[in-house]
Amino acid sequence: MGWSAAFAVLLLATAAPVLTAARAASVALPKGDAISGRGYFEDRCTGCHSIVRNGFGPRLGDVYGRRVGSVAGFQYSQALRQKRFVWSEKSLDSWLSGPGQFLPGTRMGISIADQQIRADIIAYLKSHPSGQDE
């Protein structure tokens, strides 16, 4: 094998993981439905969370676009207190798919495997930008 063929093989071997990662990053999240999300939120989240007040978990009204660990009066885990990002669709989706994998050391142990259900819950949360209930 000549040097140009060896270079081509090396280039392809190193480019494949990069292309796969880029393709995975560009995959869009499914469009969420806030009406369905309300039902999923009520069934799966209200044991710990409310839109308007802190419970076992922090209130989730206005969570979309809010800095992580910033609700006054709620005692976050050290893992959340140390982070400095804003909740977005992508970060909420990662969080809901596996909080412990997304942010080791968190106290939230509930995850939602179904991507569409996560998208629906996120759409519901986005429908409460002021932190007020219906």
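Cut-offs applied
- Residues numbered from 1 in each chain as written.
- Predicted model: local features only at pLDDT ≥ 70, side-chain atom pairs only at ≥ 80, totals over all residues.
- Heavy atoms only, no water.
- Core = buried A, V, L, I, M, F, W, Y, C linked by side-chain atoms within 4.5 Å.
- Buried < 20%, exposed > 50% of the residue type's maximum accessible area, 1.4 Å probe, protein only.
- Helix = DSSP H or I, 4+ residues; strand = E, 2+ residues; numbered from the N terminus.
- Contact = heavy atoms within 4.5 Å.
- Phe/Tyr/Trp six-rings, centres within 6.5 Å; stacked < 30°, edge-to-face > 60°.
- Expected span 1.5 Å × (residues − 1).
- Polar contact = N/O pair within 3.5 Å; in protein donor to acceptor, adjacent residues only side chain to side chain.
- Axes fitted to C-alpha atoms, helices over the stretch in contact; angles between N-to-C directions.
- Parallel < 35°, antiparallel > 145°, perpendicular 65-115°, else oblique.
- Left-handed = near helix turned anticlockwise from the far one by under 90°.

What follows concerns the nonpolar core. In globular proteins that are soluble, nonpolar side chains generally tend to be buried together. Of all hydrophobic cores here, the largest spans 22 residues; its most connected members are F41, L80, W87, I121 and L125. Elements with a minimum of two residues in this core: α3 (78–81), α4 (89–97) and α6 (115–126). Those residues in contact with L125 that lie beyond four places of it in its chain are F41, I51, L60 and V63.

On to the packing of aromatic side chains, then. A ring pair, where both rings are aromatic, is described by two values, the distance of the centres and the angle of the planes. According to the stated counting rule, one finds seven aromatic pairs in the structure shown. Judged by centre distance (5.5 Å) and plane angle (65°), the rings of W87 and W95 are edge-to-face. The two residues W87 and W95 agree in class, both being buried. Judged by centre distance (6.3 Å) and plane angle (85°), the rings of W95 and F102 are edge-to-face. Note on F102: relative accessible area 29%, which makes it partly exposed. By way of ring pairs, the aromatic residues F85, W87, W95 and F102 are connected into one cluster.

Our focus in this paragraph is α4. At 3.6 residues per turn, the α-helix brings residues three or four places apart onto the same side. By the burial criterion, the buried members of α4 are S91, L92, D93, W95 and L96. On its buried face, α4 is in contact with α3, α5 (99–102) and α6.

Moving on, we get to α6. Here α6 spans 16 Å end to end across twelve residues, near enough to the 16 Å set by a 1.5 Å rise per residue. Among the residues of α6, those classed as buried are I117, R118, A119, D120, I121, I122, A123, Y124 and L125. Taken together, the buried residues of α6 touch α2 (34–44) and α4.

Moving on: the side chain of T106. Looking at where T106 falls in the secondary structure, it is placed in the loop between α5 and α6. For T106, a relative accessible area of 16% corresponds to the buried category. A polar side-chain atom of T106 sits 3.4 Å from the main-chain amide nitrogen of M108. In this structure, T106 is in contact with S77, A79, L80, W95, P99 and G100, ignoring residues within four places of it in sequence.

This paragraph deals with the environment of W87. Residue placement: W87 occurs in the loop between α3 and α4. Overall, W87 belongs to the buried group, its relative accessible area being 8%. Once residues within four sequence positions are removed from consideration, W87 is found in contact with V63, Y64, G65, R66, V68, L80, L92, W95 and F102.

What follows covers the packing of α4 against α6. For the pair α4 and α6, interaxial distance at closest approach is 10 Å and the crossing angle is 130°. Considered as vectors, α4 and α6 are oriented oblique to each other. In the packing of α4 onto α6, the handedness of the crossing is right-handed. Seen from α4, the contacting residues are E89, L92, D93, L96 and S97; seen from α6, they are Q115, R118, I121, I122 and K126.

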